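Observations on the model geometry
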Amino acid sequence: MSVEVLDGATILHFVEDKEAFHVSICDRFDYLDADRDGLLSYTEMLRELQSLRVLETHFGIDVKPDPSELAKVYGSLFDQFDHDSNGTVDLEEFEAETKMMMLAMASGLGVLPVQMVLEKDSLLKKAVDRESK
Ligand SMILES: [Ca+2]
Ligand SMILES: [Ca+2]
């Protein structure tokens, strides 16, 4: 974990660099796919969902949401990734949905830089590293 400053442009540049973005997505997918079956189950996706700053967005930073509320949010996020509703997320679904979410986040952030605590291997951290190169 580290505290990083990022703005919408940082995320946008990362997503728009298609080749580099695809490589990062593949890396992240492999990392999350604990049983190496080429698909992400709900359990495997949980890790990613937890790094997407969902808590802050839905509940505010200081609120401790109750577990059933949290499960509901994670469940609906998982459904959002699982485009064909077959219960698993494949690489194509993962890339398409991650891209959408990051673009939404970029437009939400706009030009105002914000501080975020980022997980070491998360995609947002990669976006920050790319920008500072
Ligand atoms: Ca798997
Ligand atoms: Ca699917």
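What counts, and where the lines are drawn
Residues numbered from 1 in each chain as written. Chains lettered and ligands numbered in written order. Predicted model: local features only at pLDDT ≥ 70, side-chain atom pairs only at ≥ 80, totals over all residues. UniProt positions renumbered as here; feature names shortened; annotations may be inferred. Helix = DSSP H or I, 4+ residues; strand = E, 2+ residues; numbered from the N terminus. Buried ≥ 20, exposed ≤ 12 C-beta atoms within 10 Å, placed from the backbone. Core = buried A, V, L, I, M, F, W, Y, C linked by C-beta atoms within 7 Å. Contact = placed C-beta atoms within 7 Å.

Attention shifts here to the UniProt feature "domain: EF-hand" (unreviewed entry) in the protein. When the UniProt feature table is mapped onto this chain numbering, "domain: EF-hand" (unreviewed entry) sits at residues 69-104. Taken end to end, residues 69-104 is 75% helix and 0% strand, and its two terminal C-alpha atoms sit 23 Å from one another.

Of note, Ala9 is situated in helix α1 (residues 8-16). In this structure Ala9 comes out as partly exposed when scored by C-beta crowding, with 15 C-beta atoms within 10 Å. It is 22 Å that separates the C-alpha atoms of Ala9 and Phe94, two residues lying 85 residues apart in sequence.

So, about the nonpolar core. Considering soluble globular proteins, one finds that nonpolar side chains tend to be buried as a cluster. Of all hydrophobic cores here, the largest spans ten residues; its members are Leu6, Ile11, Phe14, Val15, Phe21, Ala106, Leu118, Leu123, Leu124 and Ala127. Residues contacting Ile11, with those up to four places away along its chain left out, are Leu6, Met102, Met105, Ala106, Leu109 and Ala127. Phe29, Leu40, Met45 and Phe94 belong to the second-largest nonpolar core, a separate cluster that totals seven residues.

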